[in-house]
Structures are given as C-alpha cells and as structure tokens.
Amino acid sequence: MSNSPLLSVSNLCVSFNTPDGVVQAVNDVSFDLFPGQTLGIVGESGSGKSVTASSLLRLNNSVTSTTTGSVQLEGRDVLTVDEPTMRSIRGQDIAMVFQDPLSALNPYYTVGDQIAEAYIIHHSSATKDDVRARVLEMLKKVGIPNPEKRIDEYPHQFSGGMRQRIVIAIALINSPRILIADEPTTALDVTVQAQILDLMLDLQRETGMAIILITHDLGVVAEVADSTLVMYGGRIVERATVSEIFATPTHPYSWGLLGAVGSLDTSTRGHLTTIPGTPPSLISLPTGCSFHPRCAYAKDTGSRCTTEVPELHKVSGTSSSSACHMSDAQLVSLGARGDTL
Ligand code: SF4
C-alpha cells in the first residue's frame, strides 16, 4: 500500500434541517484511505455510515443540508470544487455501488444502455462500436454469462445477484480509483454475497482501486476489509485493523457488535448477546458519550460518560483508536477477554 493517502477526510460534519429539528448525521469524522486499501465502515442503521459515504460524492447537497470539514482527493477538496469538476470526479475518480440493485437500475432501459451511459459521460468522443465493445468487456469481467445476448436485455430479466453485477459494471466501467460499496450484498443470499465480494476483490487486485465498504455485517468486514471504522451516533467510536477489531476490540460498542455475531464453533455453546436499547435519535443525541444509555460500563467512569464527549484517541499498546473514557489498560484487558455488554 502507498504511504500517501488517496483520500483524506478531515472533521467531516453533515447535518440536515428537518421540521422536527436538526439531524446531526455525521459529526467530526476523519480518516485516510490508501490505494489498494479496503476500509470497512460498520455500525447500526442511523450510525452515519451511509451519509459519510455519500458526502464523499457530494450527494447530500441540498438546501436543507449543511456539510463542513474537508474531503481531499489528491489536492482537490471534493466539498468545494465546482459542479463540472465534481461531475468529472463522480464515476471517474470515485464511483458508488448502491444497496438495492433493482432501484438503482432503470426498468425502461436495457442494461447495455445503462452501462454505456456511465461510460459516455466521461468518453464523449468514443464511437458507438467502442462503447459497445467496452460494455461487453465489463459484462464479461463481472461474470455475466452470454454477454452478447444479455447486453440488450432489461433489468427485470436478471436475478438479484446478476443485477448487482450490472451495477458493479456501471461503477467500474471508468476504472475509478475509489469504489464506495454501500451494503452491496444486503439483499443477496449468502452464496451470491460471497461471489459478489470475491468479484469486487478480484477487480481490486486487477486495478489497485481502494474500496470503502459500508456494512452492518462484521462477517463481511472480516472477509474482505483491511481496516475498520466503527460508527455510532454519527461519530467514529473505534478505528482498528481488521485483525485487531476481532482480537482486541477497544470500545464497548464494538464488544456489543461482536457479541451479536454468531459462531460456527460448536465447542462454545450459549446465547448470542444483544446490545440493550435502541440507537439514539440524531436530533437529540444523549449528552456526553451518546452510547451511555446502552453501555454497561458507563457507571465505571463517574459522571464523565454523561457529561463529556470522549475523544477518539490512540489506545496505548495497540494500533487502534477508541472514543471511550475508560483507561487504555481497561479497554485492552476487557477487549482481549471478549467482554460483551
Ligand atoms: Fe461506555 Fe462511557 Fe466508554 Fe461511552 S465513554 S463507551 S458510556 S464507558
């Protein structure tokens, strides 16, 4: 992996004005993404992971939203470049695979036309034959059988897994340097899910692109990511490599997420644990650490958990960072012990 980041996100904050109040969807999020890296962003619904991802393509821009911070893509701030520059970044530098392939595709156009459209936007001088050849090449690359026939078919003629392959072909036709995949396998069964993840990794090996994978599924992270951001209440609460997040997680919320993952190990019997309570409203976040109403350890730190927002800091003895008021020694020993909530 290269030493200089491809993308540097600093202090990203995104809020939305709604009739019920201001939704603080993303709060002070910072991270770097390197060429060839796969970064998994995990958290429950409403944790801010999808809004973070769509901000990187400036898809949240509306009169009701406010975005601050910076998203540096090789010297350009994605949040402030003009709209023509942004259009050239979308698809060419950063592309996105959305969660539901059926709603991402237009039922009235053939899949060939939809893949071609993404290519023509960035290659306006390409001939019709060139475009068709490139679309066929992408259909082959993403594993669509009989592409010469299927290029002229419509989305409803494809299965869910094949539609997701089409959406990946649209995202990758311009060889982007960053692929954002927002829950790309949620609607798919596990065997198709494995095929889609393998396909993304194969294409990454071929092109060296970086991948940001948004998911609530830690199993998917374990399978494909190099490093992880765990988000809660719009903030990053833990940053770690994948091996560390599974071996020595250093945040109580991560312990809760890991405790809720099933195991095939039949020697350990017992119930899956759940995280008590529900994710907070982003309109009225709890004071202090927004996880405190659900955290079994909140009482151990006096009143700090309810009054002071914990900073994301490097946990000594690890390469992870955690946003928790407990001492580093406590976080490491409880995490290594496999504590849950
Ligand atoms: Fe729990 Fe307090 Fe740590 Fe938040 S800061 S995770 S409430 S112990």
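Keep in mind the model is a prediction, meaning the values are calculated, not measured.

S.K.: So, the overall build of the chain: which residues are in play, and what are the values?
M.R.: If you tally the helices and strands in the chain, you get 13 helices and 12 strands. By the compact-globule yardstick of 20 Å for 341 residues, the chain fits well, its C-alpha radius of gyration being 21 Å. Along the longest, intermediate and shortest principal axes, the C-alpha atoms of the chain span 70 × 50 × 40 Å. Taken over 341 residues, the chain has a buried fraction of 51%.

S.K.: Would you mind going over the sheet that holds strand E12 (residues 321–322) in detail, with residue names and values included?
M.R.: Strand order in the open sheet formed by 8 strands is E6-E7-E8-E3-E9-E10-E12-E11, with mixed pairing between adjacent strands. Edge positions in the open sheet fall to strand E6 (94–97) and strand E11 (313–314), since each of these has one partner strand only. Here 2 bridges tie E11 to E12, and the two strands are oriented antiparallel to one another. In the strand pairing of E12, His-313 is matched with Ser-322. Lying on the sheet, helix H8 (residues 190–207) is in contact with strand E3 (38–42), strand E7 (178–182) and strand E8 (210–215); it crosses E8 at an angle near 160°.

S.K.: Got a sec to walk through the sheet that holds strand E1 (residues 7–18)? Specific residues and values, please.
M.R.: Sheet architecture is open: 4 strands sit in the order E2-E1-E4-E5, paired in antiparallel fashion. Single-partner strands in this sheet number two, and they are strand E2 (21–33) and strand E5 (76–77).

S.K.: Account for the pairing of E8, with residues named and values stated.
M.R.: Burial runs high along E8: 6 of the 6 residues are buried. Here E8 shows no split at all, with Ala-210, Ile-212 and Ile-214 on one side and Ile-211, Leu-213 and Thr-215 on the other all buried. Across 5 bridges, E7 lies against E8 in parallel orientation. Within the sheet, the bridge partner assigned to Ile-180 lies in E8 and is Ile-212.

S.K.: Can you lay out the site of the ligand for me, pointing to particular residues and giving the numbers?
M.R.: Every residue close to the ligand is listed here: His-251, Pro-252, Cys-289, Phe-291, His-292, Cys-295, Tyr-297, Ala-298, Cys-305, Cys-324 and His-325. Among the residues forming the shell around the ligand, the class breakdown is 8 nonpolar, 3 polar and no charged.

S.K.: I'd like a description of the domain arrangement of the chain, backed by residues and values.
M.R.: Domain boundaries in the chain define domain 1 (7–225) and domain 2 (244–337). Computed from C-alpha coordinates alone, the two centres of domain 1 and domain 2 are separated by 30 Å. Across the boundary between the two partners, domain 1 contributes 13 residues, which contact 9 residues of domain 2. Overall, the association of domain 1 and domain 2 removes approximately 1000 Å² of surface from exposure, summing both partners, and the carbon and sulfur fraction of that is 68%. Across the domain 1-domain 2 interface, the total number found is 1 salt bridge. Close ionic contact of Glu-44 with Arg-294 constitutes a salt bridge, the shortest N to O distance being 3.0 Å. Counting the contacts that link domain 1 with domain 2 gives 3 residue pairs in polar contact (both at pLDDT 80 or more). Looking at the side of domain 1 that touches domain 2, the elements with two or more residues in it are E2 and helix H9 (218–224). Counting residues per element, the side of domain 1 that touches domain 2 draws most heavily on E2, at 5 residues.

Cut-offs and rules
Residues numbered from 1 in each chain as written. Predicted model: local features only at pLDDT ≥ 70, side-chain atom pairs only at ≥ 80, totals over all residues. Heavy atoms only, no water. Helix = DSSP H or I, 4+ residues; strand = E, 2+ residues; numbered from the N terminus. Rg over C-alpha atoms; globule rule 2.2 N^0.38 Å. Buried < 20%, exposed > 50% of the residue type's maximum accessible area, 1.4 Å probe, protein only. Pairing = 2+ DSSP bridges. Contact = heavy atoms within 4.5 Å. Axes fitted to C-alpha atoms, helices over the stretch in contact; angles between N-to-C directions. Near = heavy atom within 4 Å. Nonpolar A, V, L, I, M, F, W, Y, C, P; charged D, E, K, R; others polar. Domains from an automatic or database assignment. Buried area = accessible area lost by both parts, 1.4 Å probe. Salt bridge = Lys/Arg side-chain N within 4 Å of Asp/Glu carboxyl O. Polar contact = N/O pair within 3.5 Å; in protein donor to acceptor, adjacent residues only side chain to side chain.

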